[in-house]
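Listed here are the chains, written in short residue letters.
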Amino acid sequence: MLLTITTTHRPATDLGFLLHKHPGRAQAFDLAFGRAHVFYPEASEERCTAALLLEIAPIGLVRGRQGSGEGAILEQYVSDRPYVASSFMSVAIAQVYGTALNGRCSARPELASARIPLEATVAALPSRGGEQMLRRLFEPLGYTVGVRGRMLDERFPEWGGSPYHTLTLESERRLSELLTHLYVLVPVLDDQKHYWVGQEEIEKLLRRGEGWLADHPARDLIVSRYLKRQRGLAREAIRRLAGEEEGDPDASAEARDEEESRVEERVGLHEQRLGTVLSVLRQSGARRVLDLGCGEGRLIQLLLRDRSFTEIVGMDVSHAALERAGERLHLDRLPPSDRKRVKLIHGSLAYRDRRLSGYDAAAVVEVIEHLDPYRLSAFERALFEAARPRTVVLTTPNIEYNVRWETLPAGRFRHRDHRFEWSRREFREWSAGVAERHGYSVRYLPVGPEDPEVGPPTQMAVFSLGREVG
Amino acid sequence: MKITIPELCLVVLVGPSGAGKSTFARRHFRPTEVLSSDFCRGLVSDDENDQAATGDAFDVLHYIAGKRLARGRLTVVDATNVQPEARSPLVALARERYVLPVAIVLDLPQRLCHERNRERPDRDFGPAVIERQSRQLRRSARGLEREGFRYVYRLSTPEEVEAVELVRQPLWNNLRHEHGPFDVIGDVHGCFAELVALLRELGYEVKVPGGEGEYSARHPEGRKAVFLGDLVDRGPDTPSVLRLVMATARSGDALCVPGNHDVKLARKLRGRDVRITHGLAESLEQLARESEGFRAEVAEFIEGLVSHYVLDDGKLVVAHAGMREEMQGRSSPRVRDFALYGETTGETDEFGLPVRYDWASEYRGRAVVVYGHTPAPEPEWVNGTINIDTGCVFGGRLTALRWPERELVSVQAERTYARPVRPLAPDAATGPGPRPAEDLPDLQDVLGKRLIATALMGNLTVREENATAALEVMSRFAVDPRWLIYLPPTMSPSETSREPDLLEHPSDAFRYYRNEGVPVVVCEEKHMGSRAVLVVCRDERVARERFGVEDGSTGICYTRTGRRFFEDAALEAELLARVRAALDACGLWKELGTDWACLDCELMPWSAKAQQLLRGQYAAVGAASQLGLSAAVQALERAVARGVDAEELLERTRRRQEMATRYVEAYRRYCWPVGSIRDLRLAPFHLLATEGRVHADKDHEWHLRTLAAICREDPDLLIQTPHRRVDVTDEASQRESMTWWEELTGRGGEGIVVKPLEFVVRGRRGPVQPALKSRSREYLRIIYGPEYTAPENLARLRSRSLGRKRSLALREFELGVEALGRFVRREPLHRVHECVFGVLALESEPVDPRL
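Rules and cut-offs
- Residues numbered from 1 in each chain as written.
- Chains lettered and ligands numbered in written order.
- Predicted model: local features only at pLDDT ≥ 70, side-chain atom pairs only at ≥ 80, totals over all residues.
- Helix = DSSP H or I, 4+ residues; strand = E, 2+ residues; numbered from the N terminus.
- Buried ≥ 20, exposed ≤ 12 C-beta atoms within 10 Å, placed from the backbone.
- Rg over C-alpha atoms; globule rule 2.2 N^0.38 Å.
- Contact = placed C-beta atoms within 7 Å.
- Axes fitted to C-alpha atoms, helices over the stretch in contact; angles between N-to-C directions.
- Parallel < 35°, antiparallel > 145°, perpendicular 65-115°, else oblique.
- Left-handed = near helix turned anticlockwise from the far one by under 90°.
- Nonpolar A, V, L, I, M, F, W, Y, C, P; charged D, E, K, R; others polar.
- Pairing = 2+ DSSP bridges.
- Core = buried A, V, L, I, M, F, W, Y, C linked by C-beta atoms within 7 Å.
- pLDDT = per-residue confidence, 0-100.
- Domains from an automatic or database assignment.

Participant: Could you clarify how one ought to interpret the overall build of chain A in this entry?
Facilitator: What chain A contains, in helices and strands, is 17 helices and 14 strands. Out of the 470 residues belonging to chain A, those deemed buried represent 43%.

Laid out in structure tokens, this is it:
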């Protein structure tokens, strides 16, 4: 990876003093992860360019950290890290250009605090968010931004563009400012870090961000990406399984969830859905309830606030979701009287599960559309035949309503993981069949604004064990 | 005094301190059979006499006793047990585990107890304690039977205690030593003509003299008939049925368990007040014509029947209405009730009949359970249980199951003798009848730490965290479990080569097999695509009947993690149709006597499935390396041009750029756009299984030869796998194949797979790797990164350890073969699923992914 800094300040070779590196020599510095080289491709009175080149040992990258390599995933070996600008570059800037980064220069102190014409080029800068993100981060800081993209593979144009860009920043300013911006924003663009992020990173960000970060329009994004959190061990195991078929199930699941909530957010549909579920559960008189497919535990949070629910069991097939639910519910800090009311279990609705027997009610909120249609019969038996709660509250999207979402392209489901979405008639046919086969009665409730033509955005069925009462 | 107890029971010793309970227990029972309250007090408090620990000590004692009884171990409770409230939890425990509680009371003179205690320094309590205990004992001792103890023995002198002879009696239902062969016959209900016809069909010589004459049925090969009860009611000739069954049971030619109808009849014959419904009237009327003596004989016979039998070393259980695993071989009123009536949910259906609890769908026992009781149009296997009541009296058939052959034999009813309340077969008027009992895997079949018994390697362990990871992938992404009868194992590379610029070379694979005592191997070209497993059925009917898949599909193509290979259903259907046509054309169906086949294949191009990986990973690294390195080379060239001393760095960077280019070339070889099936290539290399057979008993040349015949039928799609047979004890043979490897990898091939000639081989110390791969130098760039061939990198990469990978490869291989074995033996779905799930779980074990 390569960072070049050019100035046309006269004499341009003063850049050597500012960077504390002689323009006539090539110098090398040993760093923890490889070597950094500084050399000058050009150095004249009019124009001087300093190049910072990193040689990262690709094999050491993994070996150094994990010892044996057992348990790593393939991407750590076939890796873009040796070639791109990443958090390694920030470390190199701090260590090789440290005095310039801090705005000091003993030989030319006035130059260090002077605004001079500068041009920086970063080759192979990965940008999650593409050119738009590059501009969003640097333009508010007053740079003239030049971006050149690259294809993934010119042999296969259908594969599209790569995430790598060559970035050029032009501006008249102090060198320390330019280096500081690169120091903070390069890892933010890349959105990966080569070290674990801890408390000290927060201090570092506050120090380096002084004077510019607070007013930056993309401040929240910068902060959240800079302080990237590590993932749980269980998630790593799932990632290993995903293999060649899917990159990172977590990342893509999050992205998809975002997408769905964007589609639905304007009506606060999720809140209305949970509210309706809560009403139905209260009305049923249930005390011991299941939340099947509980996800991150939003419904559980509501149920916990109502003491009439004495036992709340949340189940999900995603271990990662359960971890997040545990955090969201602050399970480790709940008072004992609440703690014993709630339990999170890992399970799957494709299997019969004895732990689910004997409950008053089950909520199955926006879950069935994530099951492949051939799993519906197993789901039906696992819930209505084996677990057999007195009440089942089940919601799923009404596909007819999709035409009312402006942001949803025609013919698409609301969420990329949806395996199907049903019309009102399809849902009612299925629900009536389930009720008939298992001795339940069923009624339906609309959730969200009911459209006279296409119905409500979410449809709900409430199943009650036994024949119709009243 | 002789004390007789059942071989499995809960023995409760009752007596005050010092009565000699522990001494008695030591003399008559194994130390592990005896649970003493003193010992448990010590366990929880370090002090056997700490009375404050009594509550906790009994919790522990009850817990251990419960576990022992659940496992079918006789258990003795050595505690004073002088108060009813101390004994009642023990009686409850015995009931819960379906065993009989037995009380042995040591009611010895107080003086003696007190003397004995005085001799023991740790028992310093005074005579008052013993006096109180004796009082409590006397007050309640007479009610022991009422408390629920089935057998009560009282010993009141040291001499009596001394003279005890304890006899353990086998349970009546334990006929494990009887190996048959058996013919298990379903509900007869007075259908005598059909019973005789069925017995003759089964090969019995049946004598029917009529009237009071001597009835008999005997099989020339010594087979034994087993009647599942409900001999009586509804049908035309209940007395003759009873005569024949009673005679054969007496002569040892048959066994019989009681049905609910039989028991009700016996109660009526004994003068009890029962409701005359469900066909009892017919029996009574027919029996009224018989002698008083015969009626008494019938009642006595029925009363003497044992609720169920465990036969053939525990492999077969027979009972009228079925038998849960935890009740098998037990005896208690609840076991008897279950055997007679089954279990109901407490609800009633639209015909007013009780809704039966579907115990069979939860059944996970190893014994096959054969039962009747509920008429169904067809006998159907569910989790190793089968209901063979095919409603003869309702105009259906009388059915027998031959054991151990598992064949069904039946005769049609001569006519309809009675009308069922609920129709037997579904018809348009009443909608769907009883739902076909479909097998639903239970979470307990897959989650938690698992021990899976395999035929080849014994028990294999799957760790809990791996099962956890697999559950999500299996539930969210895998294909229908009914199709998923196999998952392929991972494969280890050969040992790291000692050649200076190579990591892998076939000679190391040859040496491995030679050292394991395998003289002949087969080298197959390794196709670089994605692993694909194909299940191909001859038609929709086979998919429905053999696989239980009813959505109209006729096969499937899935990946090594059990996902559907194609998102495009039409493309999958087209591929399956082409393969099916090739199978039709080459006559494989007939040759192997099968209607379906499971093939292990590689599907090309790689880019067809690995799009995301290629774009997100391989092409991305290629783009990044070319972009980053070319900018670096340009900058360095300018610096060197102006005289900066950076030539060495420039040279090194140019070499890196060159390696990056070769890396891009390496992955491009395995990519081409897929517009239609014309762009796909399928290379099958194992014909894994067909009906009744797992072809792990054939060598790899058979597999390749058989598959070649299929491939020749459609050479545009199907690719034969080039291969060589190599004698690893012969230099020339090995050299020849190494030249082939060089040629092949020189052309850009991925490499070769070396397999022992036989599919399954045991080596010096156990099973041998089923295959080893030797991959090409350029291919490994995709695995180890663009610059792995730089000498300093190669040196570091050589120290790779293969142990874990090999252990995984073996375990996954065994589980895969086991899964197929269970499927072809028609074991229940959850038994197949357990193995396949195990493979997926093992795949999540951490192992160096580059191997």
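Read on, since the account is not over.
Participant: Looking at this structure, how should I read the overall build of chain B?
Facilitator: Scanning chain B from terminus to terminus reveals 29 helices and 34 strands. By the compact-globule yardstick of 29 Å for 851 residues, chain B is too spread out, its C-alpha radius of gyration being 36 Å. Dimensions of chain B along its principal axes, counting C-alpha atoms only, are 115 × 80 × 55 Å. Burial statistics for chain B: of 851 residues in total, 49% are counted as buried. Pairs at least 24 apart in sequence give 72% of the contacts found in chain B among residues at least 6 apart.

Participant: Hey, could you run me through the interface of chain A and chain B in this one?
Facilitator: Think of interface size as the accessible area that goes away when the parts come together; that is how it is often given. Each partner contributes residues to the interface: chain A has 66 residues there, and chain B has 66 residues. If you list the elements that add at least two residues to the side of chain A that touches chain B, you get strand S1 (2-7), strand S3 (34-43), strand S4 (48-56), helix H2 (58-66), strand S5 (116-126), strand S7 (161-173), helix H10 (233-242) and helix H16 (376-387) of chain A.

Participant: Would you mind showing me how to read the packing of helix H3 (residues 87-96) of chain A against helix H7 (residues 175-190) of chain A here?
Facilitator: Any two packed helices are characterised by the angle at which their axes cross and by the distance between the axes. All names here are of chain A. At a minimum axis separation of 8 Å, H3 and H7 run at an interaxial angle of 160°. Viewed along their axes, H3 and H7 adopt a mutual orientation that is roughly antiparallel. The element H3 and its partner H7 pack so that their crossing is left-handed. Residues Ser87, Met89, Ser90, Ile93 and Ala94 of H3 pack against Leu179, Leu182, Tyr183, Val186, Pro187 and Asp190 of H7. Per-class residue counts for the contact of H3 with H7 are 8 nonpolar, 2 polar and 1 charged.

Participant: Just checking my understanding: could you explain the sheet that holds strand S13 (residues 254-256) of chain B for this structure?
Facilitator: Two orientations exist for strands paired in a sheet by backbone hydrogen bonds: parallel and antiparallel. Residues and elements named next belong to chain B. If you walk across this open sheet you meet the 5 strands as S13-S12-S9-S21-S22, and the pairing is mixed. Strand pairing shows two members of the sheet lacking a second neighbour, S13 and strand S22 (407-412), which therefore form its edges. Sheet twist, expressed as the mean angle between neighbouring strand axes with direction ignored, is 20°. Pairing of strand S9 (residues 182-185) with strand S12 (residues 224-227) involves 4 bridges; the strand directions are parallel. The residue bridging phenylalanine 182 from the neighbouring strand is lysine 224, located in S12. Contacts from helix H9 (residues 192-201) reach S9, S12, strand S21 (397-403) and S22 within the one sheet, and its direction differs from that of S22 by about 140°. Packing of helix H10 (residues 238-251) onto the sheet brings it into contact with S12 and S13, and relative to S13 it is tilted by some 115°.

Participant: Would you take a moment to explain the pairing of strand S14 (residues 308-311) of chain B for this structure?
Facilitator: Across a regular strand the side chains alternate sides, sitting on one face of the sheet and then on the other. Residue and element names in this part refer to chain B. In S14, alternate side chains face the same way, and those of His308 and Val310 on one face and Tyr309 and Leu311 on the other are all buried. In terms of strand pairing, strand S8 (residues 174-175) meets S14 through 2 bridges, oriented parallel. Across the sheet, the residue bridging to leucine 175 is leucine 311, located in S14. With 4 bridges joining them, S14 and strand S15 (residues 316-319) adopt antiparallel strand pairing. Bridging from a neighbouring strand, tyrosine 309 pairs with valine 318 of S15. Taking the residues that link successive antiparallel strands as the turn, the S14-S15 hairpin has 4 residues, and the phi of aspartate 312 there is positive, at about 50°.

Participant: Before we go on, may I ask you to explain the nonpolar core in this structure?
Facilitator: Across soluble globular proteins, nonpolar side chains have a tendency to be buried as a group. Residues Ala124, Val289, Ala362 and Ala363 of chain A together with Cys598, Leu820 and Val836 of chain B are the most contacted members of the largest nonpolar core, which totals 254 residues. Per-element tally for this core: the top contributor is helix H22 (residues 611-641) of chain B, with 15 residues. If near-sequence neighbours (up to four positions away) are discounted, leucine 820 of chain B is found in contact with Ile485, Tyr486, Cys598, Leu688, Ala689 and Val694 of chain B. One finds Leu13, Ala53, Cys113 and Leu155 of chain B within the second-largest nonpolar core, a separate group that totals 114 residues.

Participant: How should I be thinking about the environment of asparagine 398 of chain A in this particular structure?
Facilitator: Residues and elements named next belong to chain A. For asparagine 398, the location among the structural elements is in the loop between strand S12 (391-397) and helix H17 (424-438). Classification of asparagine 398 as buried rests on a count of 26 C-beta atoms within 10 Å. Taking the C-alpha atoms as reference points, asparagine 398 and proline 82, separated by 316 residues in sequence, lie 49 Å from one another. Non-local contacts of asparagine 398, meaning those with residues more than four positions away in its chain, are made with Ser423, Arg424, Gly455, Pro456, Pro457, Thr458 and Gln459.

Participant: Whenever I open this one, the confidence of the model for chain B confuses me. Can you help?
Facilitator: Atomic detail in the predicted coordinates should be set aside for any region of low pLDDT. All names here are of chain B. Mean pLDDT over chain B stands at 90; residues scoring 70 or higher make up 97%. Within the model, pLDDT remains below 50 along residues 426-437, and this stretch shows 12 contacts once partners closer than five positions in the same chain are excluded. Across the interfaces of the predicted complex, the ipTM metric reaches 0.77, alongside a pTM of 0.73.

Participant: What exactly am I supposed to notice about helix H14 (residues 333-341) of chain B here?
Facilitator: It helps to recall that an α-helix has 3.6 residues per turn; residues three or four apart then point in one direction. Residue and element names in this part refer to chain B. Listed in full, the buried residues belonging to H14 are Val335, Phe338, Ala339 and Leu340. The inward-facing, buried residues of H14 contact helix H11 (260-269), S14 and S15. Looking at the residues trailing H14, positive phi occurs at glycine 342, about 70°.

Participant: What exactly am I supposed to notice about the domain arrangement of chain A here?
Facilitator: In terms of domain boundaries, chain A breaks down into domain 1 (2-230) and domain 2 (267-465). On a C-alpha basis, the centres of domain 1 of chain A and domain 2 of chain A stand 47 Å from each other.

Participant: Which parts of the structure should I look at to understand unusual backbone geometry?
Facilitator: In this structure, the amide linkage connecting glycine 180 of chain B to the following residue, proline 181 of chain B, adopts the cis form with an omega of -5°. Following the sequence through the fold, proline 181 of chain B ends up in the loop between S8 and S9. Residue proline 605 of chain B follows methionine 604 of chain B across a cis peptide bond; omega there is 0°. Among the structural elements, proline 605 of chain B can be located in the loop between strand S29 (596-604) and helix H21 (606-609). Look at arginine 388 of chain A: it is not a glycine, yet its phi comes out positive at around 50°. Within the fold, arginine 388 of chain A resides in the loop between H16 and S12. Given 18 C-beta atoms within a 10 Å radius, arginine 388 of chain A is considered partly exposed. Despite not being glycine, aspartate 233 of chain B has its phi angle at roughly 75°, a positive value. With respect to the element layout, aspartate 233 of chain B can be found in the loop between S12 and H10.

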